[in-house]
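Spelled out from the first residue to the last, the chains are:
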Amino acid sequence: MTLILGIETSCDETAAAVVRDGRLALSNVIASQHDLHEEYGGVVPELASRAHLERLLPVVRAAMREADARYADLDAVAVGNRPGLIGALLVGVAGAKALAWSLGKPIIGVDHLEAHLYAPMLSRDAGGAGDIVWPALGLVVSGGHTSLYRCASALELAKLGGTIDDAVGEAYDKVAALLGLGHPGGPRVDALAQTGDDRAHQFPLSRLEKDSLDFSFSGLKTAVLYAARGQPERPSPGEAPRFLRDGADLSEGEKADVCASFQRAAVRNVMLRLERAMERWPREFRTLLVGGGVSANSRLRAELATFAARYGLALRIPAMEFCLDNAAMIAGLAHERLIAGLVDDLTLAASPTTSR
Ligand code: KG4
Ligand code: ZN
(Lines give C-alpha, C1' and ligand atoms only; values in the text may rest on other atoms or scores of the structure.)
(Ligands and ions follow the chains in the order given, each with its own letter.)
Protein backbone atom coordinates (compact mmCIF):
# COMPACT_ATOMS: atom_id res chain seq x y z
CA MET A 1 0.00 0.00 0.00
CA THR A 2 1.21 3.53 -0.73
CA LEU A 3 -0.02 6.84 0.58
CA ILE A 4 1.15 9.88 -1.38
CA LEU A 5 0.59 13.60 -0.90
CA GLY A 6 0.46 15.45 -4.23
CA ILE A 7 0.97 19.18 -4.82
CA GLU A 8 0.04 21.11 -7.97
CA THR A 9 0.76 24.81 -8.63
CA SER A 10 1.55 24.99 -12.36
CA CYS A 11 -0.99 27.67 -13.29
CA ASP A 12 -3.84 29.29 -11.37
CA GLU A 13 -4.99 26.45 -9.12
CA THR A 14 -3.29 25.75 -5.81
CA ALA A 15 -4.05 22.09 -5.18
CA ALA A 16 -3.15 19.28 -2.81
CA ALA A 17 -4.47 15.73 -2.53
CA VAL A 18 -3.79 12.46 -0.77
CA VAL A 19 -4.07 9.31 -2.88
CA ARG A 20 -3.88 5.67 -1.77
CA ASP A 21 -2.28 3.10 -4.08
CA GLY A 22 -2.39 5.51 -7.01
CA ARG A 23 -6.12 5.03 -7.38
CA LEU A 24 -8.22 6.13 -4.44
CA ALA A 25 -8.40 9.90 -3.89
CA LEU A 26 -8.85 10.34 -0.14
CA SER A 27 -8.90 14.10 -0.65
CA ASN A 28 -8.69 16.51 -3.58
CA VAL A 29 -8.47 20.13 -2.47
CA ILE A 30 -8.37 22.85 -5.14
CA ALA A 31 -8.11 26.57 -4.35
CA SER A 32 -8.89 28.33 -7.60
CA GLN A 33 -7.59 31.84 -8.27
CA HIS A 34 -10.13 32.66 -10.98
CA ASP A 35 -11.52 35.65 -9.06
CA LEU A 36 -8.01 37.09 -8.83
CA HIS A 37 -7.31 36.97 -12.58
CA GLU A 38 -10.83 37.64 -13.93
CA GLU A 39 -10.42 41.42 -14.28
CA TYR A 40 -7.28 40.92 -16.41
CA GLY A 41 -8.98 38.45 -18.77
CA GLY A 42 -6.25 35.82 -18.25
CA VAL A 43 -3.74 34.49 -15.74
CA VAL A 44 -1.20 37.06 -14.49
CA PRO A 45 1.92 34.99 -13.64
CA GLU A 46 3.23 37.17 -10.81
CA LEU A 47 -0.17 37.29 -9.10
CA ALA A 48 -0.45 33.50 -9.47
CA SER A 49 2.92 32.88 -7.77
CA ARG A 50 2.05 35.14 -4.84
CA ALA A 51 -1.34 33.51 -4.36
CA HIS A 52 0.26 30.04 -4.42
CA LEU A 53 2.65 31.17 -1.71
CA GLU A 54 -0.23 32.27 0.54
CA ARG A 55 -2.43 29.26 -0.12
CA LEU A 56 -0.06 26.31 -0.36
CA LEU A 57 0.21 25.41 3.32
CA PRO A 58 -3.50 25.85 4.14
CA VAL A 59 -4.38 23.73 1.10
CA VAL A 60 -1.90 20.98 2.08
CA ARG A 61 -3.25 20.96 5.65
CA ALA A 62 -6.82 20.75 4.35
CA ALA A 63 -5.90 17.83 2.07
CA MET A 64 -4.24 15.92 4.95
CA ARG A 65 -7.18 16.64 7.28
CA GLU A 66 -9.83 15.66 4.73
CA ALA A 67 -7.97 12.40 4.04
CA ASP A 68 -7.61 11.78 7.77
CA ALA A 69 -3.94 11.10 7.05
CA ARG A 70 -0.86 11.59 9.24
CA TYR A 71 2.35 13.04 7.80
CA ALA A 72 4.29 10.11 9.28
CA ASP A 73 2.23 7.65 7.18
CA LEU A 74 3.09 9.25 3.82
CA ASP A 75 5.33 7.22 1.51
CA ALA A 76 6.30 10.22 -0.62
CA VAL A 77 5.58 13.85 -1.44
CA ALA A 78 4.82 14.39 -5.13
CA VAL A 79 4.79 17.65 -7.03
CA GLY A 80 3.97 18.76 -10.57
CA ASN A 81 7.33 20.26 -11.57
CA ARG A 82 6.73 20.79 -15.33
CA PRO A 83 5.35 22.29 -17.56
CA GLY A 84 3.74 25.56 -16.43
CA LEU A 85 4.42 29.11 -15.30
CA ILE A 86 7.91 28.95 -13.86
CA GLY A 87 7.25 31.21 -10.85
CA ALA A 88 4.11 29.27 -10.00
CA LEU A 89 5.86 25.88 -10.35
CA LEU A 90 8.73 27.04 -8.13
CA VAL A 91 6.36 27.67 -5.22
CA GLY A 92 5.03 24.10 -5.35
CA VAL A 93 8.45 22.55 -5.89
CA ALA A 94 10.05 24.50 -3.01
CA GLY A 95 7.12 23.66 -0.73
CA ALA A 96 7.24 19.96 -1.64
CA LYS A 97 11.00 19.84 -1.07
CA ALA A 98 10.68 21.46 2.36
CA LEU A 99 7.96 19.00 3.34
CA ALA A 100 9.82 15.95 1.99
CA TRP A 101 13.07 16.99 3.67
CA SER A 102 11.49 17.75 7.04
CA LEU A 103 9.54 14.46 7.01
CA GLY A 104 12.45 12.40 5.70
CA LYS A 105 10.32 11.16 2.77
CA PRO A 106 11.19 10.81 -0.92
CA ILE A 107 10.15 13.56 -3.34
CA ILE A 108 8.75 12.69 -6.76
CA GLY A 109 8.49 15.18 -9.63
CA VAL A 110 5.62 14.60 -12.05
CA ASP A 111 4.98 15.94 -15.56
CA HIS A 112 1.60 17.73 -15.60
CA LEU A 113 0.63 16.33 -19.03
CA GLU A 114 1.40 12.74 -18.07
CA ALA A 115 -0.62 13.35 -14.92
CA HIS A 116 -3.65 14.57 -16.95
CA LEU A 117 -3.58 11.25 -18.80
CA TYR A 118 -3.42 9.43 -15.47
CA ALA A 119 -6.58 11.17 -14.17
CA PRO A 120 -8.98 8.52 -15.62
CA MET A 121 -7.42 6.01 -13.19
CA LEU A 122 -8.59 7.98 -10.13
CA SER A 123 -11.74 7.42 -8.18
CA ARG A 124 -13.39 8.38 -4.89
CA ASP A 125 -14.48 4.88 -3.91
CA ALA A 126 -12.42 1.90 -2.88
CA GLY A 127 -13.75 -0.18 -5.81
CA GLY A 128 -11.59 2.04 -8.02
CA ALA A 129 -11.90 3.04 -11.64
CA GLY A 130 -10.37 -0.25 -12.89
CA ASP A 131 -7.11 -0.97 -14.66
CA ILE A 132 -6.30 0.30 -18.13
CA VAL A 133 -5.83 -2.15 -20.97
CA TRP A 134 -2.70 -1.00 -22.84
CA PRO A 135 -1.68 0.21 -25.34
CA ALA A 136 -3.86 3.30 -25.34
CA LEU A 137 -4.35 6.20 -27.68
CA GLY A 138 -3.89 9.20 -25.36
CA LEU A 139 -5.45 12.63 -25.91
CA VAL A 140 -4.56 15.65 -23.75
CA VAL A 141 -6.90 18.62 -24.24
CA SER A 142 -6.14 21.50 -21.91
CA GLY A 143 -5.59 25.24 -21.76
CA GLY A 144 -1.93 24.86 -22.67
CA HIS A 145 -1.78 21.68 -24.74
CA THR A 146 -3.60 19.62 -27.34
CA SER A 147 -1.61 16.44 -27.98
CA LEU A 148 -1.94 12.84 -29.06
CA TYR A 149 0.18 10.00 -27.69
CA ARG A 150 0.72 6.29 -28.08
CA CYS A 151 0.78 5.08 -24.45
CA ALA A 152 2.36 1.71 -23.70
CA SER A 153 1.80 2.32 -19.97
CA ALA A 154 1.15 5.28 -17.67
CA LEU A 155 4.87 6.11 -17.87
CA GLU A 156 5.63 5.30 -21.51
CA LEU A 157 4.23 7.97 -23.82
CA ALA A 158 5.28 8.58 -27.42
CA LYS A 159 3.96 11.79 -28.95
CA LEU A 160 2.06 11.40 -32.22
CA GLY A 161 0.97 15.00 -32.75
CA GLY A 162 0.40 18.36 -31.09
CA THR A 163 -0.94 21.82 -31.78
CA ILE A 164 1.02 24.09 -34.07
CA ASP A 165 -0.61 27.24 -32.65
CA ASP A 166 -3.30 27.55 -29.94
CA ALA A 167 -4.39 24.79 -27.58
CA VAL A 168 -8.08 23.91 -27.75
CA GLY A 169 -8.77 25.27 -24.25
CA GLU A 170 -7.00 28.48 -25.18
CA ALA A 171 -9.29 28.81 -28.22
CA TYR A 172 -12.31 28.38 -25.91
CA ASP A 173 -10.95 31.05 -23.58
CA LYS A 174 -10.31 33.48 -26.44
CA VAL A 175 -13.79 32.98 -27.91
CA ALA A 176 -15.26 33.61 -24.45
CA ALA A 177 -13.20 36.80 -24.08
CA LEU A 178 -14.31 37.96 -27.54
CA LEU A 179 -17.97 37.55 -26.54
CA GLY A 180 -17.45 39.18 -23.15
CA LEU A 181 -18.22 35.95 -21.26
CA GLY A 182 -15.34 36.25 -18.77
CA HIS A 183 -12.49 33.99 -17.71
CA PRO A 184 -11.97 31.03 -17.77
CA GLY A 185 -14.16 30.76 -20.79
CA GLY A 186 -14.40 27.04 -21.57
CA PRO A 187 -17.26 26.17 -19.22
CA ARG A 188 -19.18 29.34 -20.14
CA VAL A 189 -18.92 28.70 -23.90
CA ASP A 190 -19.93 25.07 -23.27
CA ALA A 191 -23.01 26.16 -21.28
CA LEU A 192 -24.12 28.84 -23.76
CA ALA A 193 -23.59 26.45 -26.69
CA GLN A 194 -26.38 24.23 -25.28
CA THR A 195 -28.97 26.84 -26.28
CA GLY A 196 -27.49 27.81 -29.67
CA ASP A 197 -27.77 26.52 -33.24
CA ASP A 198 -24.51 24.73 -34.08
CA ARG A 199 -25.16 25.18 -37.83
CA ALA A 200 -25.69 28.95 -37.63
CA HIS A 201 -22.09 29.55 -38.74
CA GLN A 202 -19.96 27.34 -40.98
CA PHE A 203 -16.57 27.63 -39.30
CA PRO A 204 -13.56 26.07 -41.06
CA LEU A 205 -11.70 22.96 -39.97
CA SER A 206 -7.95 23.37 -39.79
CA ARG A 207 -6.15 23.02 -43.11
CA LEU A 208 -3.19 20.84 -42.23
CA GLU A 209 -2.02 18.07 -44.56
CA LYS A 210 -4.52 15.26 -45.00
CA ASP A 211 -2.65 12.76 -42.88
CA SER A 212 -1.25 15.12 -40.22
CA LEU A 213 -1.90 14.28 -36.59
CA ASP A 214 -1.14 17.85 -35.54
CA PHE A 215 -3.81 20.32 -34.45
CA SER A 216 -4.44 23.95 -35.36
CA PHE A 217 -7.06 26.30 -33.91
CA SER A 218 -5.93 29.76 -35.03
CA GLY A 219 -7.92 29.75 -38.32
CA LEU A 220 -11.06 28.79 -36.42
CA LYS A 221 -10.40 31.51 -33.88
CA THR A 222 -10.09 34.16 -36.62
CA ALA A 223 -13.28 32.95 -38.30
CA VAL A 224 -15.12 33.30 -34.98
CA LEU A 225 -13.66 36.80 -34.56
CA TYR A 226 -15.07 37.90 -37.93
CA ALA A 227 -18.43 36.25 -37.26
CA ALA A 228 -18.74 38.05 -33.93
CA ARG A 229 -17.31 41.47 -34.84
CA GLY A 230 -17.88 41.61 -38.60
CA GLN A 231 -15.28 41.68 -41.36
CA PRO A 232 -12.97 44.60 -40.46
CA GLU A 233 -12.29 47.49 -42.79
CA ARG A 234 -8.88 47.12 -44.36
CA PRO A 235 -6.65 49.30 -42.16
CA SER A 236 -4.09 51.74 -43.54
CA PRO A 237 -0.50 50.57 -42.94
CA GLY A 238 0.35 50.76 -39.24
CA GLU A 239 -3.30 50.98 -38.15
CA ALA A 240 -5.23 48.38 -36.17
CA PRO A 241 -8.22 46.83 -38.02
CA ARG A 242 -11.53 48.65 -37.40
CA PHE A 243 -14.37 46.27 -36.57
CA LEU A 244 -18.06 46.94 -37.05
CA ARG A 245 -19.02 46.06 -33.46
CA ASP A 246 -17.87 44.60 -30.17
CA GLY A 247 -18.44 40.86 -29.67
CA ALA A 248 -19.87 41.56 -26.23
CA ASP A 249 -22.71 43.58 -27.84
CA LEU A 250 -24.24 40.55 -29.62
CA SER A 251 -27.57 39.36 -28.23
CA GLU A 252 -27.62 36.26 -25.99
CA GLY A 253 -29.11 34.27 -28.87
CA GLU A 254 -26.42 35.40 -31.31
CA LYS A 255 -23.70 34.58 -28.79
CA ALA A 256 -25.21 31.14 -28.23
CA ASP A 257 -25.15 30.48 -31.99
CA VAL A 258 -21.48 31.53 -32.21
CA CYS A 259 -20.63 29.31 -29.21
CA ALA A 260 -22.50 26.29 -30.55
CA SER A 261 -20.99 26.62 -34.05
CA PHE A 262 -17.51 27.16 -32.62
CA GLN A 263 -17.90 24.16 -30.33
CA ARG A 264 -19.01 21.96 -33.21
CA ALA A 265 -15.90 22.92 -35.23
CA ALA A 266 -13.47 22.72 -32.28
CA VAL A 267 -14.66 19.25 -31.28
CA ARG A 268 -14.70 18.12 -34.92
CA ASN A 269 -11.06 19.24 -35.21
CA VAL A 270 -10.13 16.99 -32.30
CA MET A 271 -12.21 14.02 -33.47
CA LEU A 272 -10.71 14.23 -36.97
CA ARG A 273 -7.20 13.61 -35.57
CA LEU A 274 -8.45 10.67 -33.53
CA GLU A 275 -10.05 9.20 -36.65
CA ARG A 276 -6.78 9.62 -38.56
CA ALA A 277 -4.83 7.88 -35.81
CA MET A 278 -7.24 4.94 -35.84
CA GLU A 279 -7.09 4.74 -39.65
CA ARG A 280 -3.31 4.72 -39.54
CA TRP A 281 -3.08 2.08 -36.78
CA PRO A 282 -6.37 0.20 -36.95
CA ARG A 283 -5.35 -2.66 -34.67
CA GLU A 284 -2.91 -0.93 -32.35
CA PHE A 285 -4.98 0.49 -29.49
CA ARG A 286 -7.25 -1.11 -26.89
CA THR A 287 -8.17 2.02 -24.96
CA LEU A 288 -8.86 5.69 -25.61
CA LEU A 289 -7.39 7.68 -22.73
CA VAL A 290 -8.40 11.33 -22.35
CA GLY A 291 -7.40 14.07 -19.91
CA GLY A 292 -7.08 17.83 -19.43
CA GLY A 293 -9.55 20.62 -18.65
CA VAL A 294 -11.42 20.38 -21.97
CA SER A 295 -12.25 16.72 -21.23
CA ALA A 296 -14.98 18.29 -19.03
CA ASN A 297 -16.66 19.55 -22.23
CA SER A 298 -20.13 18.12 -22.76
CA ARG A 299 -19.96 17.81 -26.54
CA LEU A 300 -16.45 16.34 -26.54
CA ARG A 301 -17.45 13.74 -23.93
CA ALA A 302 -20.50 12.72 -25.99
CA GLU A 303 -18.56 12.48 -29.27
CA LEU A 304 -15.73 10.53 -27.63
CA ALA A 305 -18.22 7.97 -26.34
CA THR A 306 -19.65 7.46 -29.84
CA PHE A 307 -16.16 7.32 -31.34
CA ALA A 308 -14.87 4.74 -28.84
CA ALA A 309 -17.90 2.52 -29.41
CA ARG A 310 -17.42 2.74 -33.20
CA TYR A 311 -13.76 1.68 -33.01
CA GLY A 312 -14.18 -0.89 -30.22
CA LEU A 313 -12.03 1.05 -27.75
CA ALA A 314 -12.54 1.25 -24.01
CA LEU A 315 -13.09 4.95 -23.26
CA ARG A 316 -11.32 6.16 -20.12
CA ILE A 317 -12.10 9.77 -19.33
CA PRO A 318 -11.68 11.42 -15.90
CA ALA A 319 -14.54 11.92 -13.47
CA MET A 320 -15.44 15.65 -13.55
CA GLU A 321 -13.46 16.55 -10.41
CA PHE A 322 -10.25 15.16 -11.97
CA CYS A 323 -10.59 16.85 -15.41
CA LEU A 324 -9.34 20.30 -14.46
CA ASP A 325 -5.99 20.92 -12.79
CA ASN A 326 -5.82 18.96 -9.54
CA ALA A 327 -3.22 17.31 -7.33
CA ALA A 328 -4.83 13.86 -7.12
CA MET A 329 -3.54 13.17 -10.65
CA ILE A 330 -0.04 14.21 -9.49
CA ALA A 331 -0.14 11.91 -6.43
CA GLY A 332 -1.66 9.11 -8.54
CA LEU A 333 1.03 9.11 -11.19
CA ALA A 334 3.70 9.44 -8.48
CA HIS A 335 2.58 6.02 -7.20
CA GLU A 336 3.51 4.53 -10.58
CA ARG A 337 6.89 6.29 -10.45
CA LEU A 338 7.51 5.17 -6.87
CA ILE A 339 6.93 1.49 -7.61
CA ALA A 340 9.09 1.80 -10.75
CA GLY A 341 11.90 3.24 -8.58
CA LEU A 342 11.71 6.64 -10.32
CA VAL A 343 12.23 8.82 -7.25
CA ASP A 344 13.83 12.28 -7.23
CA ASP A 345 15.91 14.11 -4.66
CA LEU A 346 16.30 17.70 -3.47
CA THR A 347 18.00 18.67 -6.75
CA LEU A 348 14.57 18.36 -8.45
CA ALA A 349 14.10 21.40 -10.71
CA ALA A 350 10.98 23.16 -12.02
CA SER A 351 10.74 23.56 -15.80
CA PRO A 352 8.38 25.63 -17.97
CA THR A 353 8.43 22.97 -20.71
CA THR A 354 7.16 19.41 -20.77
CA SER A 355 9.30 16.32 -21.18
CA ARG A 356 6.41 15.03 -23.34
O1 KG4 B 1 -6.14 21.25 -17.63
P2 KG4 B 1 -6.55 22.62 -17.28
O3 KG4 B 1 -7.27 22.83 -15.96
O4 KG4 B 1 -5.31 23.57 -17.26
C5 KG4 B 1 -4.23 23.41 -18.15
O6 KG4 B 1 -3.42 22.48 -17.95
O7 KG4 B 1 -4.23 24.21 -19.12
O8 KG4 B 1 -7.44 23.17 -18.47
C9 KG4 B 1 -8.00 24.44 -18.44
C10 KG4 B 1 -8.71 24.68 -19.75
C11 KG4 B 1 -9.18 26.13 -19.88
O12 KG4 B 1 -8.79 26.59 -21.15
C13 KG4 B 1 -10.68 26.01 -19.75
O14 KG4 B 1 -11.38 27.02 -20.43
C15 KG4 B 1 -10.93 24.64 -20.36
O16 KG4 B 1 -9.88 23.85 -19.85
N17 KG4 B 1 -12.23 24.06 -19.97
C18 KG4 B 1 -13.22 23.78 -20.85
C19 KG4 B 1 -14.32 23.30 -20.09
N20 KG4 B 1 -13.96 23.30 -18.77
C21 KG4 B 1 -12.67 23.77 -18.73
N22 KG4 B 1 -13.26 23.91 -22.18
C23 KG4 B 1 -14.41 23.55 -22.80
N24 KG4 B 1 -15.50 23.10 -22.15
C25 KG4 B 1 -15.50 22.94 -20.81
N26 KG4 B 1 -16.59 22.49 -20.18
ZN1 ZN C 1 -3.69 21.11 -16.74
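Below: a short report on this structure. Worth saying up front: this structure is predicted, and the values here are computed from it rather than measured. (Residues numbered from 1 in each chain as written. Chains lettered and ligands numbered in written order. Predicted model: local features only at pLDDT ≥ 70, side-chain atom pairs only at ≥ 80, totals over all residues. Heavy atoms only, no water.)

Glancing now at the coordination of the zinc ion (ligand 2). Taken together, the protein ligands of the zinc ion (ligand 2) are His112 (NE2), His116 (NE2) and Asp325 (OD), with distances of 2.0 to 2.1 Å. As a motif over one chain, the donors of the zinc ion (ligand 2) read H-x3-H-x208-D. Linking His112 with His116, this pair stays in helix 4 (residues 112-118), spanning four residues, or about one helical turn. By relative accessible area, which is 1% here, His116 ends up buried. (Donors = N, O, S within 2.8 Å, 3.2 Å for Na, K, Ca; no water. Helix = DSSP H or I, 4+ residues; strand = E, 2+ residues; numbered from the N terminus. Buried < 20%, exposed > 50% of the residue type's maximum accessible area, 1.4 Å probe, protein only.)

What follows is about the pairing of strand 7 (residues 146-153). Most of strand 7 sits inside the fold, with six of its eight residues counted as buried. The pairing of strand 6 (residues 136-141) with strand 7 spans six bridges and is classified as antiparallel. Each bridged residue has a counterpart across the sheet, and for Leu137 the counterpart in strand 7 is Arg150. The loop that links strand 6 with its antiparallel partner strand 7 comprises four residues. As defined by bridge partners, strand 7 adjoins strand 8 (residues 156-162) across six bridges and the pair is classed as antiparallel. Residue Leu148 lies in a different strand from strand 8, and its bridge partner there is Gly161. Between the antiparallel neighbours strand 7 and strand 8 lie two residues. (Pairing = 2+ DSSP bridges.)

What follows covers the sheet that holds strand 5 (residues 107-111). Across the sheet, which stays open at both edges, the five strands sit in the order 3-2-1-4-5 with mixed pairing between neighbours. In this open sheet, the two strands that pair with only one neighbour each are strand 3 (24-32) and strand 5. This sheet shows a mean twist of 20° between the axes of neighbouring strands, independent of strand direction. The pairing of strand 1 (residues 3-8) with strand 4 (residues 76-82) spans four bridges and is classified as parallel. Note that in strand 4 the partner of Gly6 across the bridge is Ala78. (Axes fitted to C-alpha atoms, helices over the stretch in contact; angles between N-to-C directions.)

Of all residues adjacent to ligand 1, which total 18 residues, the nearest are His116, Gly143, Asp173, Asp190 and Asn297. With respect to ligand 1, the backbone of Asp325 contributes an N or O atom lying 3.0 Å from an oxygen atom. Starting from 560 Å² of accessible surface for ligand 1 in isolation, the protein chains cover 89%. Of the residues belonging to the shell around ligand 1, the class tally is five nonpolar, ten polar and three charged. Looking at which domains feed residues into the shell around ligand 1, each of domain 1 (3-129 + 321-339) and domain 2 (136-227 + 253-318) supplies at least three. (Near = heavy atom within 4 Å. Polar contact = N/O pair within 3.5 Å; in protein donor to acceptor, adjacent residues only side chain to side chain. Areas by Shrake-Rupley, 256 points an atom, 1.4 Å probe, with all protein chains shown as cover. Nonpolar A, V, L, I, M, F, W, Y, C, P; charged D, E, K, R; others polar. Domains from an automatic or database assignment.)

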